[in-house]
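The primary structure of each chain is shown beneath.
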Amino acid sequence: MTPPTFDALIAAGRGRLREAGLSEANQNALMLMLHAFGDTRAALISAGNAPVPKAVEDAYLAAIERRLTREPVQHILGVTSFYGLDIRTDARALIPRIDSECVVEAALDRMPKDAPLTIADLGTGSGCLLAALLSQRPLARGEGVEASPEAASLARENLDALHLADRGAIFTGSWAGWQGWERADLIISNPPYIASGEIGALEPEVRDHDPLSALDGGADGLDAYREILTLAAGGMKPGAWLVFEIGHDQKSALEGLIAQAGFDSIASGQDLGGKDRWVAARRPH
Ligand code: GLN
């Protein structure tokens, strides 16, 4: 039997993913073949009609099987792109989302390029927000705070792989147990913000594969913000910035909580999909 060509295998994988109702079947089939192939997209395109080596075929079919169980493509690839960085991604932490790139932008707008700032990322997860900020501000130093030891280990791997470990450290522990509140010039956070009752309705890729502790924000989704704001109002440096990722329907609730906590210069913005995605504020002098 002649082995199948790359084009034929990709088409077959695409068909199976599509039959299973997956929305990005075409893109997924291509990405998974690229991963199994282990070369560039250009090389894969020119190999289109060539027979697929058995080892590549086996790796590709195994990847398609994993995807059919609704395991996220980012976990299968083991890496995803965030703010131009390759971030290692697996079940230890929330997958970095494109939506969070605008939160990085909002923080960078509050970080002068020539200042040796100290930053912190509360609930750093994979470390993607911290890594993006450090990569854009070579004079900055920072700390990621992470309660999950598994996520903390992934964040450390990412800082190491991106050569940012000399300026970035990960503290494993709670926000209340962290001692850095007074040091930070800017604190960024993408905390869990989904209301507990809405978790069940999330896509299986999110519900069954992102850590619940990275998603579940309590009865109204706002528990983590309340906790951070209480600690921030007591401990942050005057003039320091707080930048939060938020759920698309949380802007006015968050602005209210932030004003109540005594912060000023409140601003907000949207992601590329036009949804409210961040709120920032400053601890007054
Ligand atoms: N943005 C994520 C989602 O849509 C939620 C992440 C979070 O709770 N911080 O699933």
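Since the model is a prediction, treat every value here as computed from it, not as a measurement. (Residues numbered from 1 in each chain as written. Predicted model: local features only at pLDDT ≥ 70, side-chain atom pairs only at ≥ 80, totals over all residues. Heavy atoms only, no water.)

## Examining the layout of surface pockets
Approximately 450 Å³ is the volume attributed to the second largest pocket. If you go around the second largest pocket, you meet 28 residues; those closest to its centre are Gly123, Glu146, Pro192, Ser213 and Ala214. Of all the elements in the fold, those that place two or more residues in the lining of the second largest pocket are α7 (128-136) and α10 (223-235). (1 Å grid on protein atoms, 1.4 Å probe; cavity = no way out; pocket = protein on both sides within 12 Å on 5 of 7 lines; lining within 4 Å. Points joined across faces, edges and corners; volume = space filled by probe spheres on them. Helix = DSSP H or I, 4+ residues; strand = E, 2+ residues; numbered from the N terminus.)

## Here we look at the packing of helix α1 (residues 6-19) against helix α2 (residues 25-37)
A pair of packed helices is characterised by two quantities: the angle between their axes and the separation of those axes. Two elements in contact, α1 and α2, have axes whose closest approach is 8 Å; the angle formed by their N-to-C orientations is 135°. Comparing their axes, α2 and α1 come out oblique. In the crossing of α1 with α2, the sense of the turn from one axis to the other is right-handed. Of the residues in α2, those in contact with Phe6, Leu9, Ile10, Gly13, Arg14, Leu17 and Arg18 of α1 are Ala25, Asn26, Asn28, Ala29, Leu30, Met33 and Phe37. (Axes fitted to C-alpha atoms, helices over the stretch in contact; angles between N-to-C directions. Parallel < 35°, antiparallel > 145°, perpendicular 65-115°, else oblique. Left-handed = near helix turned anticlockwise from the far one by under 90°. Contact = heavy atoms within 4.5 Å.)

## Considerations on the pattern of salt bridges
Applying the stated criterion to the full structure yields 19 salt bridges. Of the charged contacts in the structure, one is a salt bridge between arginine 207 and aspartate 208, with a shortest N-O distance of 3.0 Å. Exposure remark for arginine 207: the relative accessible area of 33% places this residue in the partly exposed category. For lysine 251, the salt bridge goes to glutamate 255, with nearest N and O atoms at 3.4 Å. (Salt bridge = Lys/Arg side-chain N within 4 Å of Asp/Glu carboxyl O. Buried < 20%, exposed > 50% of the residue type's maximum accessible area, 1.4 Å probe, protein only.)

## Considerations on the sheet that holds strand β8 (residues 264-270)
The 7 strands lie next to each other as β5-β4-β3-β6-β7-β9-β8, forming an open sheet whose pairing is mixed. Across the chains shown, the open sheet's two edge strands, defined by having one partner strand only, are β5 (168-172) and β8. This sheet shows a mean twist of 15° between the axes of neighbouring strands, independent of strand direction. The pairing of β8 with strand β9 (residues 276-282) spans 5 bridges and is antiparallel. Note that in β9 the partner of aspartate 264 across the bridge is arginine 282. (Pairing = 2+ DSSP bridges.)

## Comments concerning the site of the ligand
Close to the ligand lie Leu94, Arg97, Asn190, Pro191, Pro192, Tyr193, Ile194, Val206, Ala214, Leu215 and Glu245, which account for all nearby residues. Take alanine 214: an N or O atom from its main chain is 3.4 Å from an oxygen atom of the ligand. Coverage of the ligand by the protein amounts to 86% of the 300 Å² it exposes when considered alone. The residue inventory of the shell around the ligand, partitioned by class, reads 8 nonpolar, 1 polar and 2 charged. (Near = heavy atom within 4 Å. Polar contact = N/O pair within 3.5 Å; in protein donor to acceptor, adjacent residues only side chain to side chain. Areas by Shrake-Rupley, 256 points an atom, 1.4 Å probe, with all protein chains shown as cover. Nonpolar A, V, L, I, M, F, W, Y, C, P; charged D, E, K, R; others polar.)

## A short note on the nonpolar core
Counting residues in each nonpolar core, the largest one holds 34 residues, and the members touching the most others are Phe82, Val104, Met111, Leu133, Leu186, Ile188 and Val243. Counting residues per element, the ones that place at least two in this core are β2 (85-88), α6 (101-108), α7, α8 (149-161), β6 (186-189), β7 (241-245) and β9. Of the residues forming this core, the biggest block, 7 residues, is contributed by α7. Ignoring sequence-local partners within four residues, the contact set of valine 104 consists of Phe82, Tyr83, Leu129, Ala132 and Leu133. The next biggest cluster of nonpolar side chains, apart from the first, holds 31 residues, and it includes Trp178, Leu202, Phe263 and Val279. (Core = buried A, V, L, I, M, F, W, Y, C linked by side-chain atoms within 4.5 Å.)

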